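# Structural features, examined
Given next are the chains, with one letter for each unit.
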Amino acid sequence: MSHTRRKFLQNLSAGAAALSFPSVSGLPNSIPFQQKKLGIALLGLGYYAEHKLATALEETKNCYLAGIVTGTPAKAEKWKDKYKLADKNIYNYETLDRIADNPDIGAVYVATPNALHPPYAIRAAKAGKHVLCEKPMATSSKECQEMIDACKKAKVKLYIGYRLHFEPHNKEAARVGQKKEFGNVKIVETSMGFKIGDPTQWRLKKSLAGGGAMMDVGIYCIQGARYSTGLEPTHVTAREYKTDPVKFREVDETISWQMEFPDGAVSNSTTSYASSMDRLYISAENGWLELRPAFGYGPLEGRTQKGLLDLPKTNHQAVQLDEMALGILENRPIDATGEEGLQDMKIIEAIYRSIQSGKREKI
């Protein structure tokens, strides 16, 4: 079991303790009163930053929207007016490095297209700011390692936007699997996909996205299998399918793959830009758990053979941001680290190798 997996498991506890999640309406009793909040600057003001991160930061208790970084002057004015941002906390990509002199901003959340994550994350780190980066962390394991090294050199935290590490249903799936509540996990099934629209969007351009459905939502399937077993896969076998070679001429449309784990467990996964799917199923020796929907923004639902899971419905991004803020402010252990992002990228690279070779590939 990797260090990251062990930390994730250590953060889980049986029974009611496993359900002590941060609340978007107030801090749980276990979190001390915070006089200091973490100021976060959002870098890249696309859909996710505007409709998920910014709105979540209006609910968070341990952090707040302190600034923005954008290359679009019109967006800068819009956000300045909407969120009452000070002029000194508004940057563009040319002035980003000056953020080093701004004590209002403690962390930068990189929410650009995938291929742009590494350069901006590294610049933020060099400016002495903690780095929060949307998944996938980068488009290659080499770039992931460069980001990790830059943050270590700058002595700043690096967290990846794995919101489901803090979401009650997925935490319960991890607890059930890793604590062997129904015995050893034998088979995990994961699927995540949707029918993608605009054919001109950056997600369909390899130079910006690095890949298609796999990079975007297939990573949830990899994550689900990893935290359901608490183990790291050793081998993968994968195939790619395309029904629209014009729209998907640069990136993958649909990929199915199987991962093998060192204890004999296997996972079967599918991701697609052609149709909607969203499921996590854990089959163990003496029982099962299913989340459906499992990986979307919610509300998520789940059940076991014992019945429905009665768990809190949360704002995923608000909980994620609050927990990451505490990781920075109080040096708390957080498992959604750069090393976690690196491991996912190594697995994705093995999946793409298997598609090319037609063979089972070692991770």
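Structure: above.
The structure contained in this document is the topic of the report that follows. (Residues numbered from 1 in each chain as written. Predicted model: local features only at pLDDT ≥ 70, side-chain atom pairs only at ≥ 80, totals over all residues. Heavy atoms only, no water.)

### Some points on the overall build of the protein
When its secondary structure is counted, the protein shows 10 helices and 15 strands. On C-alpha atoms alone, the protein measures out to a radius of gyration of 20 Å, which is about the 21 Å that the 2.2 N^0.38 rule sets for 363 residues. Counting all 363 residues of the protein, 58% fall into the buried class. In the protein, 70% of the contacts between residues at least 6 apart in sequence involve partners at least 24 apart. For the protein, the accessible area works out to roughly 15,400 Å², and carbon and sulfur atoms hold 50% of it. Each charge class in the protein can be summarised by its mean position, and for the 49 positive and 42 negative side chains these summaries are 2 Å apart. (Helix = DSSP H or I, 4+ residues; strand = E, 2+ residues; numbered from the N terminus. Rg over C-alpha atoms; globule rule 2.2 N^0.38 Å. Buried < 20%, exposed > 50% of the residue type's maximum accessible area, 1.4 Å probe, protein only. Contact = heavy atoms within 4.5 Å. Areas by Shrake-Rupley, 256 points an atom, 1.4 Å probe, with all protein chains shown as cover. Lys, Arg positive; Asp, Glu negative; His and termini not counted. Charge placed at Lys NZ, Arg CZ, Asp CG, Glu CD.)

### Thoughts on the sheet that holds strand β5 (residues 130-133)
Sheet architecture is open: 6 strands sit in the order β3-β2-β1-β4-β5-β6, paired in parallel fashion. Every other strand in the sheet has two partners, leaving β3 (90-91) and β6 (158-160) as the edge strands with one partner each. When β5 meets β6, the two strands line up parallel, connected through 3 bridges. When the bridges of β6 are listed, Cys133 appears paired with Ile160. (Pairing = 2+ DSSP bridges.)

### What about the packing of helix α2 (residues 47-57) against helix α9 (residues 316-329)?
At a minimum axis separation of 8 Å, α2 and α9 run at an interaxial angle of 60°. With respect to α9, the axis of α2 lies oblique. Considering the relative orientation of α2 and α9, their crossing is right-handed. Residue-level contacts link Tyr48, Lys52, Leu53, Ala56 and Leu57 of α2 to Gln317, Ala318 and Leu321 of α9. Grouping the constituent residues of the contact of α2 with α9 by class yields 6 nonpolar, 1 polar and 1 charged. (Axes fitted to C-alpha atoms, helices over the stretch in contact; angles between N-to-C directions. Parallel < 35°, antiparallel > 145°, perpendicular 65-115°, else oblique. Left-handed = near helix turned anticlockwise from the far one by under 90°. Nonpolar A, V, L, I, M, F, W, Y, C, P; charged D, E, K, R; others polar.)

### Examining the environment of Leu309
In this fold, Leu309 is placed in the loop between β14 (307-308) and α9. Residue Leu309 is classed as buried on the basis of its relative accessible area, which comes to 16%. Considering only alpha carbons, one finds Leu309 and Lys206, 103 residues apart in sequence, at a separation of 39 Å. Excluding its chain neighbours within four sequence positions, the residues that come into contact with Leu309 are Glu172, Leu289, Leu291, Gly302, Arg303 and Thr304.

### Digging into α2
Buried residues of α2: Tyr48, Ala49, Lys52, Leu53, Ala54, Ala56 and Leu57, and no others. Residues of α2 that are buried sit in contact with β1 (38-43), β2 (63-69), α3 (73-83), β4 (107-110) and α9.

### Considerations on helix α5 (residues 141-154)
In a regular helix each residue adds 1.5 Å, so 14 residues correspond to 20 Å; α5 covers 20 Å between its end C-alpha atoms and thus fits that length. Looking at the buried positions of α5, the neighbouring elements they touch are α4 (117-126), β5, β6 and α10 (338-357). Directly after α5, the chain includes Lys155, whose backbone phi takes a positive value near 60°. (Expected span 1.5 Å × (residues − 1).)

### A short note on the side chain of Gln320
You can see Gln320 is positioned in helix α9. Ignoring sequence-local partners within four residues, the contact set of Gln320 consists of Tyr109, Gly161, Arg163 and Phe166.

### Thoughts on the nonpolar core
Counting residues in hydrophobic clusters, the biggest one holds 102 residues, and the most contacted among them are Ile40, Leu42, Trp79, Trp257 and Ile351. Looking at which element gives the most residues to this core, the answer is helix α8 (residues 213-229), with 9 residues. Ranked by size, the runner-up nonpolar core spans 6 residues in total, among them Leu204, Ala213, Val251 and Tyr273. (Core = buried A, V, L, I, M, F, W, Y, C linked by side-chain atoms within 4.5 Å.)

### Notes on the environment of Gly218
One can find Gly218 in helix α8. Spatially, the C-alpha atom of Gly218 lies 8.4 Å from that of Ile255, the residues being 37 residues apart in sequence. With residues up to four places along the chain from it excluded, the contact list for Gly218 reads Ala213, Trp257 and Thr271.

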